[in-house]
Amino acid sequence: MTDPIILFLTDRGERQQEWARQAAPTGFNVIIKRRPSDAEIADVLPSVTYMMSERSEPVTAAMIAAAKNLKLIVRLGSLAVGIDLEAARAHNVQVAVQPIIGTMYVAEHVLMMTLATTKRLGRSLWQANTADHGKAAHRTDEDTFAFNWLGINDIGGLVGKTIAILGMGEIGVEFARRIACFRPAAVLYNKRTRYPVAVETELGLTYADQPECVRRADVLISLLPYAAETDCSLNAETFAAMRRGAILVHAGSGSVIDEGALVDALQSGHLAGAALDTYEFEPLQPDHPLVILARDPRSNLLLTPHVAAASLPADRADDYAEIVRHHAIQSHAP
């Protein structure tokens, strides 16, 4: 008996594809294709037993019809957008949606950075830890306390603010779910292919082109992947188009941000803050302009060392969990 074939559709780069290959379960033949054309997968479809789709890679009715032995489609993520569910039902093919823990970790990190920069947390921590103010202390009670003893007047919040997300993939979806409870005025988003209206309604999203997102955002969330068209695409022109006092949070791919232009926008006061987890050159060096600026607690610049996905599992074995489970059930069926 030949090993069942898994067709893994993705738009990730070679490094992550290799991690997926290494984590493949024993007893399966995994074929990984990055954004394949119909012709590139035509020969393999008739022998495919399982199909995985990552980052909204489409699974069309034609693909399902051609995959005569297909039993299960797994979407790595929390939305089945791009999978033809009617065709799957018609061909008795199951569809499983499998949220990705790393995606949820990144969404949490982006939320943390958004709150930290909006609240100017770095400066507040520094001021509280140094306690260098020259004022006498008095024991607090119900009527005696020193509210805002430094007279800070530029700490903000998210209520009533406009949040805009560029590169609205699975991380953006998870972030949108988390930001809703803060009651923003609007959550705009931009991606190559607009989500169905039902998804926009569920997540409280409003589609806008990138210039509108940049122009209207109080907080601009960049989750953009790296590509030729996104290389340093958030640059001086972008920052100049943002509202004065807006904040940038970036957890997309490195090399998307023109870091020199960002430093200029922060130092000029046009942007009120920024937070980054990925960079053009990694790891960061002590003399990097971003690092130097972040050492000043007044800069409201938060840098983290590419850790938004937290301490992920050592491999991508969990990606295959639904397939392994399904195969085990089928193998023991009478």
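Structure: see above.
Since the model is a prediction, treat every value here as computed from it, not as a measurement.

> How would you explain a nonpolar patch on the surface if you had to name every residue and give the values?
Taken together, the side chains of Leu85, Val95 and Val97 define a hydrophobic patch exposed on the protein surface, amounting to about 190 Å² of accessible area. Looking at the secondary structure, you find Val95 in strand β5 (residues 94–98). Judged by its relative accessible area of 32%, Val95 falls in the partly exposed class.

> Which residues make up the packing of helix α5 (residues 101–118) against helix α7 (residues 170–179), and what are the values?
Interaxial distance between α5 and α7 falls to 8 Å at its minimum, and their mutual angle equals 55 degrees. Taken as axis vectors, α5 and α7 run oblique relative to one another. Here α5 runs over α7; the crossing is right-handed. Packed against α5, whose contacting residues are Thr103, Met104, Val106, Ala107, Glu108, Val110, Leu111 and Thr114, the element α7 presents Glu170, Ile171, Glu174, Phe175, Arg178 and Ile179 at the interface. Classifying every residue of the contact of α5 with α7 gives 8 nonpolar, 2 polar and 4 charged.

> Just give me the short version of the side chain of Glu54, but keep the residues and values in it.
Relative to the helices and strands, Glu54 resides in strand β3 (residues 48–54). Here Glu54 falls in the buried class, since its relative accessible area comes to 1%. Side chain to side chain, Glu54 and Thr10 meet in a polar contact 2.7 Å long.

> Tell me what's going on with the pairing of strand β6 (residues 162–166), and back it up with residues and numbers.
With 5 of 5 residues buried, β6 lies mostly within the body of the structure. In terms of strand pairing, β6 meets strand β7 (residues 186–190) through 5 bridges, oriented parallel. Each residue of the ladder has a partner; that of Thr162, found in β7, is Ala186. With respect to chirality, the unit in which β6 leads through α7 into the neighbouring parallel β7 is right-handed. As paired strands, β6 and strand β9 (residues 219–222) are joined by 4 bridges and run parallel to one another. Within β9, the position partnered with Leu166 by the bridge is Ser222.

> Got a sec to walk through the pattern of salt bridges? Specific residues and values, please.
One pass over the structure, following the stated rule, counts 16 salt bridges. Salt-bridge contacts for Arg12 lead to Glu54; the nearest nitrogen and oxygen are separated by 2.6 Å. Of this pair, Arg12 sits in the loop between β1 (5–10) and α1 (14–22) while Glu54 sits in strand β3; the two residues are 42 residues apart in sequence, bridging distant segments of the chain. Residue Arg12 shares its accessibility class with Glu54, and that shared class is buried. As a salt-bridge pair, Arg298 and Asp296 come within 3.0 Å of each other at their nearest N and O atoms. A relative accessible area of 25% places Asp296 in the partly exposed class.

> Pulling in residues and values, what's your account of the sheet that holds strand β2 (residues 29–34)?
Pairing is parallel across the open sheet formed by 5 strands, whose spatial order is β2-β1-β3-β4-β5. Looking at the sheet topology across the chains shown, the edges are occupied by β2 and β5. Adjacent strand axes in the sheet meet at a mean angle of 20 degrees when their direction is disregarded. In terms of strand pairing, β3 meets strand β4 (residues 72–76) through 5 bridges, oriented parallel. What sits directly across from Tyr50, in β4, is Leu72. Packing of α1 onto the sheet brings it into contact with β1 and β2, and relative to β2 it is tilted by some 165 degrees. Helix α13 (residues 321–331) contacts β1, β3, β4 and β5 of the sheet and is inclined by roughly 160 degrees relative to β4.

> Quick rundown of the pairing of β4? Include the residues and the values.
Of all the 5 residues making up β4, 5 are buried; the element is thus mostly covered by neighbouring parts of the structure. Residues Leu72, Val74 and Leu76 of β4 are buried on one face, and the alternating residues Ile73 and Arg75, pointing to the opposite face, are buried as well. Note on the crossover from β3 through helix α3 (residues 61–66) to β4: the handedness is right-handed. As paired elements, β4 and β5 share 5 bridges and run parallel to each other. Each bridged residue has a counterpart across the sheet, and for Leu76 the counterpart in β5 is Gln98. As a crossover connection, the stretch from β4 through helix α4 (residues 85–90) into β5 is right-handed.

Definitions and limits used
- Residues numbered from 1 in each chain as written.
- Predicted model: local features only at pLDDT ≥ 70, side-chain atom pairs only at ≥ 80, totals over all residues.
- Heavy atoms only, no water.
- Patch = residues over 30% accessible without salt bridge, like charges linked within 9 Å, V, L, I, M, F, W, Y side chains within 5 Å.
- Areas by Shrake-Rupley, 256 points an atom, 1.4 Å probe, with all protein chains shown as cover.
- Salt bridge = Lys/Arg side-chain N within 4 Å of Asp/Glu carboxyl O.
- Helix = DSSP H or I, 4+ residues; strand = E, 2+ residues; numbered from the N terminus.
- Buried < 20%, exposed > 50% of the residue type's maximum accessible area, 1.4 Å probe, protein only.
- Axes fitted to C-alpha atoms, helices over the stretch in contact; angles between N-to-C directions.
- Parallel < 35°, antiparallel > 145°, perpendicular 65-115°, else oblique.
- Left-handed = near helix turned anticlockwise from the far one by under 90°.
- Contact = heavy atoms within 4.5 Å.
- Nonpolar A, V, L, I, M, F, W, Y, C, P; charged D, E, K, R; others polar.
- Polar contact = N/O pair within 3.5 Å; in protein donor to acceptor, adjacent residues only side chain to side chain.
- Pairing = 2+ DSSP bridges.
- Right-handed = clockwise from strand over helix to strand, strands pointing away.

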